[in-house]
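# Secondary and tertiary structure notes
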Amino acid sequence: MSRYYLGLDCSTQSLSTILIDAESGFVVYEQSLNYSIELPAYAVTDGFLPNTMPGVVHAPPLMWVEALDRLLIQMLANNVPMKEIVAVAGAAQQHGSVYIGAGFDTCLKNCNPLISLHEQLQECFTRNTSPIWMDASTTKQCAAITKALGGEAKANQATGSIAVERFTGAQIKKFADTQPDAYTNTRAIMLVSSFMASLFAGRHMGIDFTDASGMNLLDIRKKQWHPVALACCGDQLQDKLKLPVNPQLILGTISAYFSQRYGFNSACKVLPWCGDNPSSLIGLGLVEPGMTAISLGTSDTCFGLFKDLPESMSPWAHTFIAPTLDYMSLLCFKNGALAREAIRQQYQLSWEQFSACLDSTTPGNQGAMMIPWFETEIVPKVEHAGVQRFSLEITDINSNCRAVIEAQMMAMSNHATAAGLKPTSIRATGGASQNAAILQIMANVFSCPVDVLQTTSNSAALGAALRAVFAIENNSWIETVQPFTKVQHSSRILPNSKAVSIYQTMKKIYAQREASCLT
Ligand code: XUL
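Source: prediction; values computed, not measured. (Residues numbered from 1 in each chain as written. Predicted model: local features only at pLDDT ≥ 70, side-chain atom pairs only at ≥ 80, totals over all residues. Heavy atoms only, no water.)

It is worth spelling out the overall build of the chain at this point. Along its length, the chain carries 21 helices and 20 strands. Taking 2.2 N^0.38 as the reference for a compact globule, 519 residues should give roughly 24 Å; the C-alpha atoms of the chain span a radius of gyration of 23 Å, in line with that estimate. Taking the principal axes of the C-alpha coordinates as reference, the chain spans close to 70 × 55 × 40 Å. Looking at the 519 residues of the chain, the share that counts as buried comes to 60%. Of all intrachain contacts in the chain linking residues separated by at least 6 positions in sequence, the fraction that spans at least 24 positions is 74%. With the model as given, the accessible surface of the chain reaches about 20200 Å², and the carbon-plus-sulfur share is 51%. Each charge class in the chain can be summarised by its mean position, and for the 36 positive and 41 negative side chains these summaries are 5 Å apart. (Helix = DSSP H or I, 4+ residues; strand = E, 2+ residues; numbered from the N terminus. Rg over C-alpha atoms; globule rule 2.2 N^0.38 Å. Buried < 20%, exposed > 50% of the residue type's maximum accessible area, 1.4 Å probe, protein only. Contact = heavy atoms within 4.5 Å. Areas by Shrake-Rupley, 256 points an atom, 1.4 Å probe, with all protein chains shown as cover. Lys, Arg positive; Asp, Glu negative; His and termini not counted. Charge placed at Lys NZ, Arg CZ, Asp CG, Glu CD.)

A word on the sheet that holds strand β1 (residues 4-10). Spatial strand order, β3-β2-β1-β5-β12-β11: six strands in an open sheet with mixed pairing. Each of the sheet's edge strands pairs with one partner strand only, and the pair in question is β3 (26-34) and β11 (252-253). Bridging between strand β5 (residues 85-92) and strand β12 (residues 269-275) involves five bridges; their strand directions are parallel. Bridge pairing in β12 places A92 opposite G275. Across the sheet, helix α2 (residues 61-77) lies against β1, β2 (14-21) and β3, angled at about 135° from β3, the strand it touches most. Against the sheet, helix α14 (residues 276-283) contacts β1, β5 and β12, and its axis sits at roughly 110° relative to β12. (Pairing = 2+ DSSP bridges. Axes fitted to C-alpha atoms, helices over the stretch in contact; angles between N-to-C directions.)

Below, the discussion takes up the sheet that holds strand β15 (residues 318-321). One open sheet accounts for six strands, arranged β15-β16-β14-β13-β19-β20; its pairing is mixed. On the outer flanks of this sheet lie β15 and β20 (450-452), each paired with one strand and no other. Pairs of neighbouring strands in the sheet enclose a mean axial angle of 25°, with direction left out of account. Against the sheet, helix α17 (residues 397-418) touches β13 (291-296), β14 (300-306) and β16 (327-333), its axis set at about 150° to β16.

With that settled, consider the domain arrangement of the chain. Domain boundaries assigned for the chain yield domain 1 (4-278) and domain 2 (285-452 + 488-519). In this structure, domain 1 and domain 2 have C-alpha centres spaced 32 Å apart. Taken residue by residue, the interface counts 25 residues in domain 1 and 19 residues in domain 2. For domain 1, the biggest contributors to the area lost against domain 2 are N156, I220 and N277; these three give 25% of the whole. (Domains from an automatic or database assignment. Buried area = accessible area lost by both parts, 1.4 Å probe.)

Attention now moves to unusual backbone geometry. Going from V379 to P380, the amide bond is cis rather than trans, its omega being -5°. Along the chain, P380 falls in the loop between β17 (369-373) and β18 (386-390). Unusually for a residue other than glycine, K223 sits at a positive phi of about 55°. Looking at the element boundaries, K223 is found in the loop between β9 (218-219) and β10 (224-225).

Now for helix α19 (residues 459-473). Its 15 residues give α19 an end-to-end C-alpha distance of 20 Å, which sits within 8% of 21 Å, the value for a rise of 1.5 Å per residue. For α19, the buried fraction is high: 13 of the 15 residues fall into the buried class. The backbone nitrogen of A460 lies 3.0 Å from a side-chain oxygen of the residue at the head of α19, namely N458. (Expected span 1.5 Å × (residues − 1). Polar contact = N/O pair within 3.5 Å; in protein donor to acceptor, adjacent residues only side chain to side chain.)

Summed over the entire model, instances satisfying the criterion amount to zero disulfides. Cysteine C232 remains unbridged, with the sulfur of C233 as its closest cysteine sulfur at 4.6 Å. Residue class for C232 comes out buried when judged on its relative accessible area of 16%. Left unpaired, C268 is separated from the closest cysteine sulfur, that of C111, by 16 Å. We classify C268 as buried; its relative accessible area is 1%. (Disulfide = S-S within 2.5 Å.)

And the structure:
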């Protein structure tokens, strides 16, 4: 007897879904809908609207609603057994906010299953476009939040991050300050995650702890709104936000719209949606302290779970509440693929030749070192790009290839430690995780084994489905995630003890050089 769970991911460029069978441990259906391609009427490129105002990046929330209807229609057409789905949960791009006026709950409650939801919700918004995580137009508001919370370090201690432009508190404050009437008329402010969860539940749902910790508004110790941050960002803000919600809670059963229109069982349970990064934590199987993921993509990201907040928190990391209700840290390095590509192209190498260069050099690069800021950097914050070389000739191709990878791994390891992560195993994902020579350097620098997962399905949507399994089936987290997050045992890369001790010394030198480049 199958036990089906549905996970969705409303990401920047697409809406994806995954259906898993908790009985067999298999993914039974996966699908994705790209907004730019399949919903051209919204005129978005890569999921957001063109804008001439500096730093302003918005997307239309109705587009996400229509995408949901379209995706469910396709699932029906593909004979997905909707009636047998036990529960549904989701994930969404973090930080983006949706502004709702009066009548949303009534509209959801009474909506007609014969008419698509986006047509019925058209009048519900006080803002037709939502600022999303790529928006960087709120520097002034960040300064005000920082001041209200007593400075950068205190803002970080209280909310898990220093005040950041894309985080929702600053976005709400900008709206309240610049469009006070529209702000006053706004009854509810949701994140993309809680907005989508509300559609399924058929009523306004509060923001879950994981995504609430990406707003600079949540006291991450108490898991409650921070009164000073709220007061700084807008009048009556608590009423508009509702109380933050435990992501493990079952919100109720699916609304009549979805059961009548798509044939979901009316007993199908609905869970809160989480932020995509916290959801990926579960989708990659990182449910115990020490389990860490490194995604080697356009930017490199490093995230993992931990139990206790460190005494002094790294200003460059974001600390979120994890779906397990532990903490997670997220570090985003802008000079990821970008820096690797820059070196590869500079020396006109293929990836095979690049790997051969790594293999022809030795751990520690005989003392040669690089600070790889080909672009401005996020971790640590670097506003002026500039590559630095130490005992490294630019003409030495082999050593430059090794230097860029060693630098990336040493920076990641140093900053992960400062953020409270103590990696005991790493799951590597993203394009460059196919490169064994890079993963060997990762294992040596972090001094722990590196694995690659057997499947590379959408980890955020999978994490959502697994959260639903956890909420219903009464198993431990590890029992829940294990069948769906198996590693390729044949490709496990172990650290080499001699190289580990070389990097222990080099990491300290790297940290000193990085600090001196910052001043
Ligand atoms: C995290 C962040 C992005 C979005 C992308 O802080 O801004 O990773 O969540 O979806």
